[in-house]
Every structure is written in structure tokens, then in C-alpha cells.
Amino acid sequence: MLGHISRRLLLSKEPHRLLQSSLETIRHISTVSLWPFSSQPRDFSQPNSSWSPEMHKVYDHYTALCDTDTENGEGKKRPWRKLPSYNRSIKYATGGIHLSKLIQAKARLFTRNVKEQGATFEYVVFVNKEEKRCVCVFQAGHLLEGAPGHVHGGAIATMIDTVTGTLAGFLSGPIMTANLNIDYRSPMPLGSVVLIHSALDRIEGRKAYITCKVTSSDESKLYTEATALFVSISVGHLFGSRN
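What you see as residue numbers is a count from 1 along each chain, following the sequence as written. Thresholds applied to this predicted model are a pLDDT of at least 70 for local features of residues and 80 or more for the giving and counting of side-chain atom pairs; totals over whole chains, interfaces and linings are not thresholded and use all residues. Working from all heavy atoms in the structure, the side-chain values ignore hydrogens and water.

Caption draft 1: Broad picture of the overall build of the protein chain. Each helix is a run of H or I in the DSSP string that is no shorter than four residues. Each strand is a run of E no shorter than two, and both are numbered from the N terminus. Of the regular secondary structure elements, the protein chain holds four helices and nine strands. Going from N to C terminus, the protein chain has its helices and strands arranged as α-α-β-β-β-α-β-β-α-β-β-β-β. Whether two residues are in contact is decided by their heavy atoms, any of which lying within 4.5 Å being enough. Excluding contacts between residues fewer than 6 apart, the proportion of contacts in the protein chain whose partners are at least 24 apart in sequence is 61%.

Caption draft 2: The pattern of salt bridges, seen in detail. By convention in these notes, a salt bridge is any Lys or Arg side-chain nitrogen within 4 Å of a carboxyl oxygen on Asp or Glu. Summed over the entire model, instances satisfying the criterion amount to six salt bridges. Here D183 and R185 are joined by a salt bridge, their closest N and O atoms 3.7 Å apart. Think of it in three bands: with a 1.4 Å probe and only protein chains considered, a residue is buried below 20% of the maximum accessible area for its type, exposed above 50%, and partly exposed in between. With relative accessibility at 40%, the residue D183 sits in the partly exposed group.

Caption draft 3: Representation of the side chain of T215. For T215, the position within the fold is in strand β8 (residues 207-216). Here a polar contact is recorded for every N or O atom pair within 3.5 Å, except that within protein the pair must consist of a potential hydrogen donor and a potential acceptor, and residues adjacent in sequence are included only if both atoms are side-chain atoms. At a separation of 3.5 Å, a polar atom in the side chain of T215 contacts the side chain of H197. Look past the residues within four positions of T215 in its chain and what remains in contact with it is V194, L195, H197, K221, L222 and Y223.

Caption draft 4: Main features of the sheet that holds strand β4 (residues 121-128). The pairing criterion for strands is at least two bridges between them, as found by DSSP. Strand order in the open sheet formed by seven strands is β3-β4-β5-β7-β8-β9-β6, with antiparallel pairing between adjacent strands. Across the chains shown, the open sheet's two edge strands, defined by having one partner strand only, are β3 (80-83) and β6 (175-184). Across the sheet, the axes of successive neighbouring strands diverge by a mean angle of 20 degrees, strand direction being ignored. Examined bridge by bridge, β6 and strand β9 (residues 222-232) share nine bridges and lie antiparallel to one another. The residue bridging N181 from the neighbouring strand is T227, located in β9. Strand contacts of helix α4 (residues 153-172): β3, β4, β5 (133-140), β6, β7 (193-204), β8 and β9, with the helix running at about 135 degrees to β6, the strand carrying the most contacts. All axes here are fitted lines through C-alpha atoms, helices being fitted over the stretch that makes contact, and every angle between N-to-C directions spans 0 to 180 degrees.

This is the structure in C-alpha cells:
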């Protein structure tokens, strides 16, 4: 008789134990990072320990231009805005949080795919929507070497494409690069901090024409000049549809 009672007690406790185990599993999963679908992903445009004093100085200069001017007691928002940067871009476009689940989670934005801080592309973009232009503060890491002691031309082209595309996308919505023309004027020292200035030239239908120049941080030296053409696309292009 006692054996039957003990057996019934064990059976009655089993569902409870299973429930407790399930709850513990759920609690454990909830503490695991679900990147890239986390609600608080890392913003790579924030200062880090790899930034040189010069990078910090230029960053602070442009960040100050984004502050609210409260002179004379009247708040006035300046036209400059700092753009965040993540290791994927699609999630942060309109409707992108849903689209990102349909695209391979292993995909990464090319300029943000190295974990080591300062090794490759350290940059932050400030955009001025009123003047239709932007400036990028860029520090080239040691893995971007081309000629000894200097930045690889392909890395410079990557940043020009990134910055001009950022401006075109900010002004026109989803875009893709159609043409990029680059003139290299002077070798860029590895580890240097430069400014990448981009401005809208004109928009013709779905086409956005952007001009660009890369200078030293004090703008006294010209490293590179470029022009770029971007074409507005539908979201379907991201999935290979041309309709």
C-alpha cells in the first residue's frame, strides 16, 4: 500500500519537476545574447581604446556640432547628426528587423567584421541633412596596409564607397552603388586620421550623384578625390528580385 502511495506521489511531482526544469532553461536562454537580433547591439561608432588622441579630438569637434544650442535660453538643434554603426545594416533600415531574420545571420557589414578594435576600419559618420553632406572621421588600422607604411588603395575605396553610400542612403532610402571613380592624389600613412567629405551633387530620378574628397584631419592635405553614382532600389533587390 505504501509503495502505491509513494509511486503516486512521485508521478504527481514529475510534471512539476519538468515544469521547473523548463522554466530554468527559459531563464538561461533569456540571458544569452541573441545577436544580431539583440535590442541593444553594440554601436561601433563610439570611442574605444584604439582611438588616437587625434581621433578623439576630431570626434569631439564634430560631436559638439550635434549638441543643442541653448544660448539665450532658446534651444536650437544644429543640423549635424552622428550616425550609429553596427555590424549589420539591414536590421536598422525601415522594416529591417523583420528582413534581417530572412537573411543569413552570419552576414556581416564588411567594415565591421573584425572584432579586434583598431585593427581595420575605425570610423564615425556625421551627416548634415540640411546641407546634404556628411563627414567621416576615419582611422586606418594596421591590417589595412598596402605599400609599406601606407593604407591599401582598396581600403580607401571601401571607405569612400561606405561614406558616399551612407549619404545617398540617408537622403534617398535603399540604394546600391552603380559607379565609383577614384583619383588617388597622395599616399595615406597607415594609422593616420583623415576626414572623408561627401556631398550630394544632384539627383536625377532614381540616380544620386555624390562627390567626395579625403583629406588630413586639418584639411591641409588632399589624399583622394572621387565621384560616385548610386541608384535607388526596392527592398526586393535585397533578395535577388528585379521586379
